[in-house]
Amino acid sequence: MCALIRDDVAGQEAEHHDTEQHAEGHHEEGFLRKYVFSIDHKWIGIQYGVTSLLFLFFGFCLMMIMRWAIAYPGKTLPLIGSWFSQVNVMSGIITPDFYNQLGAMHGTIMVFLGVVPLAVGAFGNYVVPLQIGAPDMAFPKLNMASYWCFLSGGLIMLSSFFAPSGAAQSGWTSYAPLAIISPGQTLWLIGMIFLITSSLLGSVNFIVTIVQLRAPGLTWSKLPFFVWSQLVTAFLLLLAFPPLEAAGVLQLMDRLAGSSFFMPEGLVVGNKVLEYAGGGSPLLWQHLFWFLAHPEVYVLILPALGIIAEIIANNTRKPLWGYKAMVYSSIFLGFMSFIVWAHHMFMTGMGTTMSSFFQTTTMIISIPSVVILTALFLSLWGASIRFNTPMLFALAFLPMFGIGGLTGLPLGLAASDIHLHDTYYVIGHFHYVVAPGTIFALFAGIYYWFPKVTGRKMSELLGKLHFWPSFLFINGIFMPMFIQGLAGVSRRLYDGGSQYAHAQDVLFWNEVMSISAWCLALAQIPFIFNFFWSIFKGKRVGANPWRATTVEWTAASSPPIGHGNFASMPTVVRGAYEYSVPGESEDYLPQVAEPLEAGIAG
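Residues numbered from 1 in each chain as written. Predicted model: local features only at pLDDT ≥ 70, side-chain atom pairs only at ≥ 80, totals over all residues. Heavy atoms only, no water.

Novice: How would you sum up the overall build of the chain? Please name residues and give values.
Specialist: A tally of helices and strands in the chain yields 17 helices and 6 strands. Whereas a compact globule of 602 residues would reach a radius of gyration of roughly 25 Å, the chain reaches 25 Å, a difference of no more than 12%. Principal-axis analysis of the C-alpha atoms gives the chain an extent of 80 × 50 × 50 Å. By residue count, 57% of the 602 residues in the chain fall in the buried class. Considering only residue pairs separated by 6 or more positions, the chain has 79% of its internal contacts joining residues 24 or more positions apart. Summing over all exposed atoms, the chain offers an accessible surface of approximately 24300 Å²; the carbon and sulfur share of this is 70%. Counting 26 positive and 31 negative side-chain charges, the chain places the centres of these two groups 8 Å from one another. (Helix = DSSP H or I, 4+ residues; strand = E, 2+ residues; numbered from the N terminus. Rg over C-alpha atoms; globule rule 2.2 N^0.38 Å. Buried < 20%, exposed > 50% of the residue type's maximum accessible area, 1.4 Å probe, protein only. Contact = heavy atoms within 4.5 Å. Areas by Shrake-Rupley, 256 points an atom, 1.4 Å probe, with all protein chains shown as cover. Lys, Arg positive; Asp, Glu negative; His and termini not counted. Charge placed at Lys NZ, Arg CZ, Asp CG, Glu CD.)

Novice: Give me the nonpolar core: which residues, what numbers.
Specialist: The biggest cluster of nonpolar side chains holds 183 residues, and the ones touching the most others in it are Met105, Phe225, Leu305, Leu376 and Phe397. Broken down by element, the residue count for this core peaks at 20 residues, all from helix H4 (residues 96-131). Excluding residues within four positions of it along the chain, phenylalanine 225 makes contact with Leu305, Gly306, Ala309, Glu310, Leu320, Tyr323, Met326, Val327, Ser330, Ile372 and Tyr577. (Core = buried A, V, L, I, M, F, W, Y, C linked by side-chain atoms within 4.5 Å.)

Novice: For empty space enclosed by the protein, give the residues involved together with the corresponding values.
Specialist: Taken as a whole and assessed by the stated rule, the structure comprises 5 cavities of 30 Å³ or more. Elements represented by at least two residues in the lining of the largest cavity include exactly H4, helix H5 (140-159), helix H7 (185-212) and helix H8 (225-256). When residues of the lining of the largest cavity are assigned to their parent elements, the largest contribution, 8 residues, is made by H7. Partitioning the lining of the largest cavity into residue classes produces 12 nonpolar, 8 polar and 1 charged. (1 Å grid on protein atoms, 1.4 Å probe; cavity = no way out; pocket = protein on both sides within 12 Å on 5 of 7 lines; lining within 4 Å. Points joined across faces, edges and corners; volume = space filled by probe spheres on them. Nonpolar A, V, L, I, M, F, W, Y, C, P; charged D, E, K, R; others polar.)

Novice: Tell me what's going on with the side chain of histidine 429, and back it up with residues and numbers.
Specialist: Note that histidine 429 resides in helix H14 (residues 424-454). A distance of 2.7 Å separates a polar atom in the side chain of histidine 429 from the backbone oxygen of glycine 404. Here the side chain of histidine 429 touches glycine 408 through a polar contact of 3.4 Å, landing on its backbone nitrogen. Residues in contact with histidine 429, not counting those within four places in the same chain, are Gly404, Thr407, Gly408, Leu411 and Phe482. (Polar contact = N/O pair within 3.5 Å; in protein donor to acceptor, adjacent residues only side chain to side chain.)

Novice: I'd love a proper account of the pattern of salt bridges, names of residues and values included.
Specialist: In total, this model carries 6 salt bridges according to the counting rule given. A salt bridge links glutamate 460 to lysine 464; the nearest nitrogen and oxygen atoms lie 2.9 Å apart. Pair noted here: glutamate 460 and lysine 464 are both in helix H15 (residues 460-486), with a separation of 4 residues, about one helical turn. Judged by relative accessible area, which is 27%, glutamate 460 ranks as partly exposed. When salt bridges that share partners are traced, they join Arg317, Arg547, Glu586 and Asp587 into one network. (Salt bridge = Lys/Arg side-chain N within 4 Å of Asp/Glu carboxyl O.)

Novice: Requested: an account of the layout of surface pockets, with residues and values cited.
Specialist: Of the voids in this model, the second largest pocket is the one considered here, and its volume is about 680 Å³. As for the second largest pocket, its lining consists of 26 residues, and the residues nearest its centre are Gly45, Ile46, Val50, Val453 and Phe531. The set of elements that each furnish at least two residues to the lining of the second largest pocket consists of helix H3 (41-71), H4, H14 and helix H17 (525-537). Looking at which element gives the most residues to the lining of the second largest pocket, the answer is H3, with 8 residues. Grouping the amino acids of the lining of the second largest pocket by side-chain chemistry returns 19 nonpolar, 6 polar and 1 charged.

Novice: Go over the packing of aromatic side chains with me, naming the residues and quoting the values.
Specialist: To describe a pair of aromatic rings, one takes the distance between the centres and the angle between the planes. A complete count under the given rule lists 49 aromatic pairs for this structure. When the centroid spacing of 5.4 Å and the interplanar angle of 45 degrees are considered together, the rings of phenylalanine 31 and tyrosine 35 count as tilted. Of this pair, phenylalanine 31 and tyrosine 35 both sit in helix H2 (residues 31-36), 4 residues apart, which is roughly one turn of that helix. Its relative accessible area of 30% is what places tyrosine 35 among the partly exposed residues. For the pair phenylalanine 443 and phenylalanine 527, a centre-to-centre distance of 4.9 Å together with 70 degrees between the ring planes defines the contact as edge-to-face. Of this pair, phenylalanine 443 sits in helix H14 while phenylalanine 527 sits in helix H17; the two residues are 84 residues apart in sequence, bridging distant segments of the chain. Comparing phenylalanine 443 with phenylalanine 527 shows no difference in burial state: the two are buried. The structure contains a cluster of three or more aromatic residues connected by ring pairs, namely Phe393, Phe440, Phe443, Tyr447, Phe450, Phe467, Trp468, Phe471, Phe527, Phe531 and Phe532. Cation over ring: arginine 214 sits above tryptophan 220, and NZ or CZ is 4.1 Å from the ring centre. The aromatic ring of tryptophan 546 is capped on one face by lysine 457, whose charged end is 4.2 Å from the ring centroid. (Phe/Tyr/Trp six-rings, centres within 6.5 Å; stacked < 30°, edge-to-face > 60°. Lys NZ or Arg CZ within 6 Å of the ring centre and 35° of its normal.)

Novice: Can you break down the confidence of the model for the chain residue by residue, with the values?
Specialist: Looking at the chain, the pLDDT average stands at 90 and 93% of residues meet or exceed 70. Under a pLDDT of 50 for its full length, residues 1-26 has, in the predicted model, 22 contacts with residues more than four places off or in other chains. Scored below 50 in pLDDT, residues 595-602 shows 12 contacts in the model against residues more than four places distant or in partner chains. (pLDDT = per-residue confidence, 0-100.)

Novice: Please provide a residue-by-residue account of the environment of serine 198, values included.
Specialist: Here serine 198 shows up in helix H7. The class of serine 198 is buried, set by a relative accessible area of 5%. Along the primary structure serine 198 and asparagine 143 are separated by 55 residues, whereas in three dimensions their C-alpha atoms are 8.9 Å apart. With residues near it in sequence (within four places) discarded, serine 198 still touches Tyr48, Ser146, Cys149 and Phe150.

Laid out in C-alpha cells, this is it:
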C-alpha cells in the first residue's frame, strides 16, 4: 500500500514538473515577475539572503556606535556624531535615550531581521527543495508573500528612527509596562506583526514541502540532517510565534486603544497615577514573549547545526557519527524548548515550585544539545579533514557553541541566576550561541553553497583572511563580558558602568571589547570583497565541486531561475552521507547514483 501511494505521489510530481516546463516554454515571465515578485524558491532564497545580510550589516553598525558610548562615555562620537538629530545626541555625545534606542533595535534587527531570515528564509528556501529533489516549494505564492511580509516589517521597524519620537527603546524584549508608556514602540509592534506573519507563512510552506515533495526513494531515514533541522525549526516557528503575535496586538491596543492587558492599576509615572482600568498583568507579556523567545533560540541554532553537519561530513570524507541520535535529539530539543521559557523569569517571584520545575527542564534540554555537539566532534575522529574555508568556520563553531551552552547552565539554576541575571554575563552567554556560534555557521554555509548558487567558488585566500581575524576579535568582544558579569556589572548601562563603584575594577575591558568590535568590522572587508568579486570573477566550477553526496549537488550549479531544478526527477537510492565506502573507487557515493552492488543501496 505504501509503495502504491509513493508511486502515485511520484507520478503526480512528475506530471506537475512536466506541466510547468511546458508552460515555461510558451510563456516568458517579465522582469518584475521573474526578479521582484518571483515565486521561484531559488530567487526568493537569494532575496532573503541579500536582504538579511544588509539588515545584519545595519544592526552591526548600531552595535559599533553603542561600543563607543560604552568605552568612551561622555565623549563626542567621531565622524558621524553630527549625522543624528539633536533629539538623540547633544554635541555629538550619545544620550541615554538614544543609547536605549540603539540597544533595542540592535537586538531586534540581529535576531528577527538578520540571523533567522538568513538561516531559514535564505538557506532553507534555496537548499531544502534542492536537497529533497523537489521542483519548488509546495506553495510558491505563499513563499513570495512570506518574503514581502518580512521586508515590509523590517522597513517599518527601521523607519521608526526617522519618527519624531525615535525608535523603540524598551529593549528587544519590550517589557510592559515600560514599552507601553515609552515612545517609539508603535512602529516596532507593527513591524513585529509583519515579521511574525512572514514566519508563519514560511513555516507552513516548509513543513508541507518536506512532507509531500520528497523525491522517490527519499525516506525519512535518508534525509540530510540539514533538512531535519529545517523541519524541526518550521514546527517551532509555527507553534511558538502565534502567542507573540497575539501579545503584540494586545500591547498595540494598550498603547493606542486604552486597554489594559499588560497595564496594572495604580501605576505612577512622573508623579502621576495613570488611568488604566482592568488590572492588567505585566508578567503576562513576559510569559507570552518568552514562550516564543526561548524556542527562538533553537530557531537560531538548529539550522546552524544542520549547516555544520553537512560541511563536517563533506570535509571529513566519512559519514556523520550517530546520525539517528542527532535526528532524535533535534526532535526532542524542539519538544523540550516549549517547556523551559520561564527560566528567564526566575526574578519575577513566581515561587520555588515553578522555579524548580523550569530549572529541571532547562538541565534536561541541555542533553540533546550535548548529544548533537558530541556527535559532530566524534565525526572528526580518524577523519581525513580538508581545511578549506567552510570547514574552518565549522570547526570554530563547535567550541564557540560549546562555550555558549556551558555558560548557560548557571543561568538555568535559580540560585546562581539571582546574581547573574541582567548582567553582562547573560550578554556573553547569548552572544556566544548566536555570534561565534550561529553566525559562524552561516558564514560556513555561504562559502559552502556559494558555488551552487553562482557556479563559481569564493577565493580560499580571502576566505582565510576573513576567518582568522574574525575568530580572534569576536572572542575579544564577548569573552570579557563573563568577567564583567561575574563582577556584577549590569547590562544596558549607557556609560558601561562608569558611575558604579563595583564596576571600576573591570571598566578597562570596555575599551578592549570596543576595539575588538571595530577590528571585527574591518575583518569583514575581505568577505565583502570576496563575495562580490567571486560573483563575477570567481573560479568556475561544475555541478559538484565539493564531491558531495546529497541531492542538491546533482542539479546544475547556478540553476536557472524558474520552476524545475533537475533535468529529470531524481530517484534516491541510499543515505545522505555515503563517504569512503570500502571497496569503492571514489570516496563518495551520491544519493541518486545507481547502486553498483545489491547491498550498497540500503
